[in-house]
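Results of the structural survey
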Amino acid sequence: VWSCAFSPDGKFLAVGLFNGDISIYDTATWKRIQVFQGHQFAVASLDYSPNGQQILSGSYDETARLWNSETGSTDIVLEGHSDRVTAVAFSPTGRQVATASDDKLVRLWDARTGAAVFVLTDNTGVVSSIAYSLDGNRIASTGRDGLIRIFDALTGLLVLESCKGSDWIKCLAYSPNGQRIATGSERGRLQLWEAAAITLGPGQEWTAHTNEITSIAFSPDDRWIASSSSDRTVKLWDSRSGLLISSFVSHTGYVNCVRISPNGSYIASASYDQTLRLWEVNSSSLGLDSYDLPDQQLCATYSPDGRQLITGSQRPMRQFNADSGDVDFVFPNHLHDIKRIAFSPDGLQIAIGSKNRGVTLWSVESRAAFVLRGHISFVGSVAFSPCSRWLASGGWSSKVRLWDTRSGAAGRVLNGHEGTVQSLEFSPDGCWIVSACLEGTISLWETGTWELKAKRTIDIGRYRYNVVAYIPGCLQIASCHGDGTIRLWD
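Residues numbered from 1 in each chain as written. Predicted model: local features only at pLDDT ≥ 70, side-chain atom pairs only at ≥ 80, totals over all residues. Heavy atoms only, no water.

This part is about the sheet that holds strand S11 (residues 106-110). Spatial ordering of the open sheet is given by S9-S10-S11-S12, a layout of 4 strands whose pairing is antiparallel. The two strands at the open ends of the sheet, each matched to only one other strand, are strand S9 (85-90) and strand S12 (116-120). Taken over all neighbouring pairs, the strand axes of this sheet differ in orientation by 20° on average, direction set aside. Two strands pair when backbone bridges link them, and S11 and S12 are joined in this way by 4 bridges, in the antiparallel orientation. In the strand pairing of S12, Val-106 is matched with Leu-120. (Pairing = 2+ DSSP bridges. Helix = DSSP H or I, 4+ residues; strand = E, 2+ residues; numbered from the N terminus. Axes fitted to C-alpha atoms, helices over the stretch in contact; angles between N-to-C directions.)

A separate point is the confidence of the model for the protein chain. On average, residues of the protein chain carry a pLDDT of 89, and 94% of them reach 70 or more. The least confident element of the protein chain is helix H1 (residues 283-286), whose mean pLDDT is 42; the most confident is strand S6 (residues 54-59), at 98. (pLDDT = per-residue confidence, 0-100.)

Scanning the model with the defined rule gives 14 aromatic pairs in all. Arranged with centres 4.8 Å apart and planes meeting at 35°, the rings of Phe-248 and Trp-279 form a pair that is tilted. In this pair, Phe-248 is assigned in strand S24 (residues 244-248) and Trp-279 in strand S27 (residues 276-280), connecting sequence segments 31 residues apart. Per residue, the accessibility class of Phe-248 equals that of Trp-279, and both read buried. Ring pairs connect the aromatic residues Trp-2, Phe-18, Phe-41, Tyr-60, Tyr-254 and Tyr-272, which therefore count as one cluster. When the ring centre of Trp-168 is taken as reference, the NZ or CZ atom of Arg-144 above it lies at 4.0 Å. Directly above the aromatic system of Phe-329 lies the positively charged group of Arg-367, at a separation of 3.8 Å from the ring centroid. (Phe/Tyr/Trp six-rings, centres within 6.5 Å; stacked < 30°, edge-to-face > 60°. Buried < 20%, exposed > 50% of the residue type's maximum accessible area, 1.4 Å probe, protein only. Lys NZ or Arg CZ within 6 Å of the ring centre and 35° of its normal.)

Here we come to the side chain of His-251. Note on placement: His-251 falls in the loop between S24 and strand S25 (255-260). A distance of 2.7 Å separates the side chain of His-251 from the side chain of Ser-269, its partner in a polar contact. There is a polar contact of 3.4 Å between the side chain of His-251 and the side chain of Arg-277. Once residues lying within four places of it in the same chain are set aside, the contact partners of His-251 are Arg-232, Val-234, Ser-269, Ser-271, Asp-273, Thr-275, Arg-277 and Trp-279. (Polar contact = N/O pair within 3.5 Å; in protein donor to acceptor, adjacent residues only side chain to side chain. Contact = heavy atoms within 4.5 Å.)

As a further point, take the environment of Pro-220. Along the chain, the position of Pro-220 falls in the loop between strand S21 (213-218) and strand S22 (224-229). When the C-alpha atoms of Pro-220 and Thr-142 are compared, they prove to be 23 Å apart, with 78 residues separating the residues in sequence. Apart from the residues within four sequence positions on either side, Pro-220 is in contact with Pro-176, Ile-260, Ser-261, Pro-262, Asn-263 and Gly-264.

Looking now at the sheet that holds strand S5 (residues 43-48). Note on sheets: strands pair through backbone hydrogen bonds, and any given pair is parallel or antiparallel. Strand order across the open sheet formed by 4 strands is S5-S6-S7-S8, with antiparallel pairing between neighbours. Strands at the two margins of the open sheet, each flanked by one partner only, are S5 and strand S8 (74-78). Strand-to-strand twist of the sheet, defined as the mean angle between neighbouring strand axes without regard to direction, takes the value 20°.

Across the chain, the bulk of peptide bonds are trans and the bulk of non-glycine residues have phi less than zero. You will see that Trp-30, though not glycine, has its phi angle at about 60°, which is positive. Tracing the chain through its elements places Trp-30 in the loop between strand S3 (22-26) and strand S4 (31-36). Since its relative accessible area comes to 27%, Trp-30 is described here as partly exposed. Despite not being glycine, Arg-367 shows a phi value in the positive range, around 60°. Checked against the element boundaries, Arg-367 lands in the loop between strand S34 (358-363) and strand S35 (369-373).

Given below as structure tokens:
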């Protein structure tokens with residue numbers, strides 16, 4: 001999947017594919033309702049006309065096309081580029097369209113007749129991105145030479161040119177009010193420029209991705225900037241402060257395009273992993289990314305239904321409403337110095353590991369506490385089995401203990417760790433327990449026989465903190481270490 005674009009009313013999403021097809025989706029049902037065919041190769045860029053009646057597409061077959069968005073028929077084929085067309089854009093007036101190509105040219109066309117209006121020849125390298133100003137009187141271009149050029153769309157003359165940078169600018173976008181331009185570079189840098197200034201000087205800049213930024217888009221209210229990258233991520237940024245708001249990491253391949261819906265509710269991303277992904281953007285929940293709490297938070301967990309967030313610290317535990325951010329409940333005073341919290345999968349119990357040498361089982365319904373005793377020091381890891389019947393706990397004593405959550409009876413004790421048990425988890429099928437200890441050792445136990453089946457030690461130097469987790473729905477294990485590395489295990 002190479003490109004995508006929302007219709008102005010947000011009712012449709014056009015998606016450009018490697019094979020040259022353009023798929024149209026109804027955003028109310030997210031079902032494909034049409035397929036436009038005509039291009040011979042990848043559709044690299046898409047844009048809707050301001051009235052939504054046409055779609056403009058650019059392809060690696062060196063042509064651009066204007067389509068009737070209702071019937072899917074080709075209105076006009078725009079020919080003239082001698083290399084692949086990398087970017088297209090409709091003027092806000094709807095009367096002009098622009099195309100950019102690896103042939104180093106930007107061409108302006110009459111949207112009604114398809115006649116060539118201007119050829120902008122000032123670019124010295126391949127042109128990777130173009131964007132019209134809010135009033136449609138100017139058009140910005142950028143590319144391999146690291147420069148931003150702004151042209152008068154009515155005369156074709158060069159108006160402004162930025163100072164030369166050392167980095168290839170891969171993409172650019174005008175802000176909704178037309179006052180700023182955002183750019184993304186080959187080295188993962190995101191930068192803002194004042195578009196109304198007499199000269200284009202570099203503005204606020206930050207490292208946004210670990211690899212090239214392939215596409216950027218402003219939200220309709222100018223509040224956010226979305227970026228996509230070949231590092232397989234999509235990120236959402238505060239457009240004023242440059243702070244990271246959210247990071248979306250489900251793609252498994254190069255993410256080529258990102259767009260925000262006209263109402264600001266969705267982010268669409270197109271990737272070489274053959275998927276188009278939709279991410280919901282809820283402004284109210286994004287504002288709750290941080291809670292102003294009076295002390296250091298040591299651990300946190302969500303309830304299985306995602307409606308509550310439980311936090312543990314040196315003070316009593318708190319329960320938050322995950323939607324509003326309000327504190328719904330403060331746990332009793334004796335539940336403090338909490339090291340780890342876990343919700344049972346059935347949502348009926350909370351396991352609490354703390355410094356008091358015990359594990360507390362908390363009933364969500366009755367709010368009664370029951371202490372499981374057996375550890376000789378603090379408990380830093382707890383985990384429920386998928387059926388919620390069994391609880392595993394580990395800590396300073398270098399042992400993992402099993403408990404019956406219905407009766408509170410102690411079960412097996414798993415020996416063999418070489419230091420504090422910092423993390424543990426049951427497999428999704430309940431047949432295995434994985435644990436990690438301070439010395440960097442990961443152990444795998446079979447729950448039927450309670451035998452140690454595998455053991456691996458990782459040299460993580462002085463950064464001695466380890467976390468393990470099963471990937472949902474499979475038997476792969478992810479381990480995260482204090483040296484900043486993450487490993488996947490079969």
